[in-house]
Amino acid sequence: MEIPYKIYLEESEMPKAWYNLRADMKNKPAPLLNPGTGKPMTLEELSQVFCRELALQELDCETPYIPIPQEIQDFYKMYRPSPLVRAYCLEKKLGTPAHIYYKFEGNNTSGSHKLNSAIAQAYYAKQQGLKGVTTETGAGQWGTALSMACSYFGLDCKVFMVKISYEQKPFRREVMRTYGASVTPSPSNTTQVGRKILAEFPDTNGSLGCAISEAVEAAVSNEGYRYVLGSVLSQVLLHQSVIGLETKTAMDKYGIKPDIIIGCAGGGSNLGGLIAPFAGQKLRGESDVRLIAVEPASCPSLTRGKYAYDFCDTGCVCPLAKMYTLGSSFIPSPNHAGGLRYHGMSSIVSQLYDDGLIEARSAEQTAVFEAAEYFARVEGILPAPESSHAIRVAIDEAIKCRETGEEKTIVFGLTGTGYFDLYAYQSFNDGKMTDYIPTDEDIAKSLSKLPQIK
Ligand SMILES: *Cc1c(COP(=O)(O)O)cnc(C)c1O
């Protein structure tokens, strides 16, 4: 069957339920722990920080399909289904017998997949009758997605933006403000934890871990507010399963079977969502597809971190999560893989990796931008730097196929566009981009501060 350049689904073929991969995992991801007691977080405890329905989703390791409320399905229809694109031009240029596909999530104003979870989280906050939500944003995609979702439901949205991004990406900030969000550079003096971090490190560029601490404090100290997070949590991977479900429906329609699925990995949400139904098949012994996570060499939690309980934030106010981590005090160099700079990895992805179900690779920044430029010139889309980590490995795998003559089917997640990352492109184009790789000592130092869990 002739495969079109773009496979679009009909609206009626869009998923009506999210797929909860945890239901098919024999080794469940480890529970979040209360940092005070060392015991698993209860629904009551989680509900003080998160909306109740989202706390329930966070704890649910058994229900395989969770219905998507109609209002969320309707919102999804404004920008989904997203296309699954056959990268004919890239294949031709590479001279590879491989068949390359990418699932493109950049077709909405926020420019990334993050809107898939933002709209769900805003919906549940509204259902619960809350006034608003607080959050952090690094590169700005999550804050943008959340501000769009909040304005749709008439919720207040307070965003703590990592200081360096706040300064480097003023236009991101303006998009958020246009949607009605308030944006504060983090660390800030508006929270106790922010003031403490500023007192200790006055010149800090900020980090996601630090912005999370501030956002959590702002949520618990403001009546009618809850905290929402754009990645890492199991509820976020659940919402992002729409990416994988659509991908699978589109492939099944044309009888295409993937050999390799590749996703970039920051906190693990797009990867976890893209691979979800395929990893489910693999867990049930129905497929032997290879699943590859690609992380930046500057923030290599899977490839060089440790699988242990750690804090999700720098201020150590959040629950402890068992994950591949570089230590919550790890502050990556201010490089450009903005959305991939988190010190830990989703518990679900961490457990799958520990069980050998997924592979992980790290990619250096200049190699990533070479892939981004190559891709932009043949496929037209200007990719986000985060997404370009997946492009790098997809190209590498396609080149291997050229050498072996194998006609493999490679699918990767093109999570977003790079219009707000032009400083990074500029430094690449000017030949000024460098690769920063932390030393073993750097990593050992932050790992030595992991919390001791009996
Ligand atoms: C946030 C972001 C990522 C990384 O986050 P994950 O939770 O690991 O998916 C990747 N790509 C883009 C475009 C992003 O905005």
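The structure displayed is predicted, hence computed values, not measured ones.

The rules we used
- Residues numbered from 1 in each chain as written.
- Predicted model: local features only at pLDDT ≥ 70, side-chain atom pairs only at ≥ 80, totals over all residues.
- Heavy atoms only, no water.
- Helix = DSSP H or I, 4+ residues; strand = E, 2+ residues; numbered from the N terminus.
- Buried < 20%, exposed > 50% of the residue type's maximum accessible area, 1.4 Å probe, protein only.
- Contact = heavy atoms within 4.5 Å.
- Lys, Arg positive; Asp, Glu negative; His and termini not counted.
- Charge placed at Lys NZ, Arg CZ, Asp CG, Glu CD.
- Near = heavy atom within 4 Å.
- Polar contact = N/O pair within 3.5 Å; in protein donor to acceptor, adjacent residues only side chain to side chain.
- Nonpolar A, V, L, I, M, F, W, Y, C, P; charged D, E, K, R; others polar.
- Expected span 1.5 Å × (residues − 1).
- Phe/Tyr/Trp six-rings, centres within 6.5 Å; stacked < 30°, edge-to-face > 60°.
- Lys NZ or Arg CZ within 6 Å of the ring centre and 35° of its normal.
- Pairing = 2+ DSSP bridges.
- Axes fitted to C-alpha atoms, helices over the stretch in contact; angles between N-to-C directions.
- Bend = angle between axes of the 7 residues up to and from the residue.
- Parallel < 35°, antiparallel > 145°, perpendicular 65-115°, else oblique.

### Some words on the overall build of the protein chain
Working step 1: In terms of helices and strands, the protein chain carries 18 helices and 15 strands.
Working step 2: Projected onto its principal axes, the C-alpha positions of the protein chain cover 60 × 50 × 45 Å.
Working step 3: For the protein chain, with 454 residues in total, the buried portion stands at 64%.
Working step 4: For the protein chain, long-range pairs separated by at least 24 residues make up 76% of all intrachain contacts whose partners lie at least 6 apart in sequence.
Working step 5: Here the protein chain contributes 45 positive and 51 negative side-chain charges, whose respective centroids are spaced 1 Å apart.

### Some details on the site of the ligand
Working step 1: As a matter of local geometry, the ligand sits amid 18 residues, with K114, S231, G266, S269 and N270 nearest to it.
Working step 2: Taking S231, its side chain carries an N or O atom lying 2.4 Å from an oxygen atom of the ligand.
Working step 3: Within the side chain of T415, a nitrogen or oxygen atom sits 2.7 Å from a nitrogen atom of the ligand.
Working step 4: The residue makeup of the shell around the ligand, split by class, is four nonpolar, twelve polar and two charged.

### Observations concerning helix α16 (residues 385-404)
Working step 1: End to end, α16 covers 29 Å across 20 residues, agreeing with the expected 28 Å (1.5 Å per residue, within 8%).
Working step 2: Most of α16 sits inside the fold, with 14 of its 20 residues counted as buried.
Working step 3: The positive-phi residue at the C-terminal boundary of α16 is G405, with phi of around 75°.

### Structural notes on the packing of aromatic side chains
Working step 1: For the structure shown, the criterion picks out 16 aromatic pairs.
Working step 2: Centre to centre, the rings of F369 and Y425 are 5.1 Å apart; their planes meet at 75°, and the pair counts as edge-to-face. Here F369, found in helix α15 (residues 365-379), pairs with Y425, found in helix α17 (residues 422-429); they are 56 residues apart in sequence, far enough to count as distant. Taken individually, F369 and Y425 each receive the classification buried, so the pair is uniform in this respect.
Working step 3: The ring of Y166 is capped by R173, whose NZ or CZ atom sits 4.3 Å from the centre of that ring.
Working step 4: Lying over the aromatic face of Y307, K322 brings its terminal NZ or CZ to 4.4 Å of the ring centre.

### Description of the sheet that holds strand β7 (residues 156-162)
Working step 1: Pairing in this open sheet of four strands is parallel, and the strands run β8-β7-β6-β9 from one edge to the other. The sheet is open, and its two edges are formed by β8 (182-186) and β9 (225-227), each paired on a single side. Taken over all neighbouring pairs, the strand axes of this sheet differ in orientation by 25° on average, direction set aside.
Working step 2: Against the sheet, helix α6 (residues 141-153) touches β6 (132-137) and β7, its axis set at about 165° to β6.

### Structural notes on unusual backbone geometry
Working step 1: The peptide bond linking R80 to P81 adopts the cis configuration, its omega dihedral lying at -10°.
Working step 2: Inspection of the secondary structure puts P81 in the loop between α3 (70-79) and β4 (84-86).
Working step 3: One non-glycine residue, V232, lies in positive phi territory at about 65°.
Working step 4: Inspection of the secondary structure assignment puts V232 in the loop between β9 and α11 (234-253).

### Overview of the pairing of strand β12 (residues 306-311)
Working step 1: In terms of burial, β12 is largely enclosed, as five of its six residues are buried.
Working step 2: For β12 and strand β13 (residues 320-325), the ladder comprises six bridges, and the chain directions are antiparallel. If you follow A308 over to β13, its bridge partner there is M323.

### Focus: helix α12 (residues 269-283)
Working step 1: A maximum bend of about 60° is found in α12 at A276, where proline P277 lies one to four positions downstream.
Working step 2: The buried fraction of α12 amounts to 15 of the 15 residues, a majority that puts the element mostly inside the structure.
Working step 3: One or two positions beyond α12, positive phi appears at G285, with a value near 75°.

### Considerations on the environment of V349
Working step 1: In this fold, V349 is placed in helix α14 (residues 347-354).
Working step 2: Take V349: its relative accessible area is 0%, and that puts it in the buried class.
Working step 3: Once the C-alpha coordinates of V349 and L302 are considered, the two residues, 47 residues apart in sequence, prove to be 9.3 Å apart.
Working step 4: Sequence-distant contacts of V349, that is, excluding residues within four places in its chain, are made with L237, G268, L271, G272, L302 and I358.

### Overview of the sheet that holds strand β15 (residues 409-414)
Working step 1: Spatial ordering of the open sheet is given by β1-β4-β5-β15-β10-β11-β14, a layout of seven strands whose pairing is mixed. Two strands close off the open sheet at either side, each with one partner strand: β1 (6-7) and β14 (359-363).
Working step 2: Pairing analysis gives six bridges linking strand β5 (residues 99-104) to β15, with the strands arranged parallel. Across the sheet, residue H99 finds its bridge partner in β15, namely T409.

### Digging into the packing of helix α9 (residues 192-200) against helix α10 (residues 208-220)
Working step 1: With their axes 8 Å apart at the nearest point, α9 and α10 run at an angle of 150° to one another. With respect to their mutual orientation, α9 and α10 come out roughly antiparallel. The segment α9 lies against α10, with Q192, V193, G194 and I197 engaging C210, S213, E214 and E217.
Working step 2: Grouping the amino acids of the contact of α9 with α10 by side-chain chemistry returns three nonpolar, three polar and two charged.

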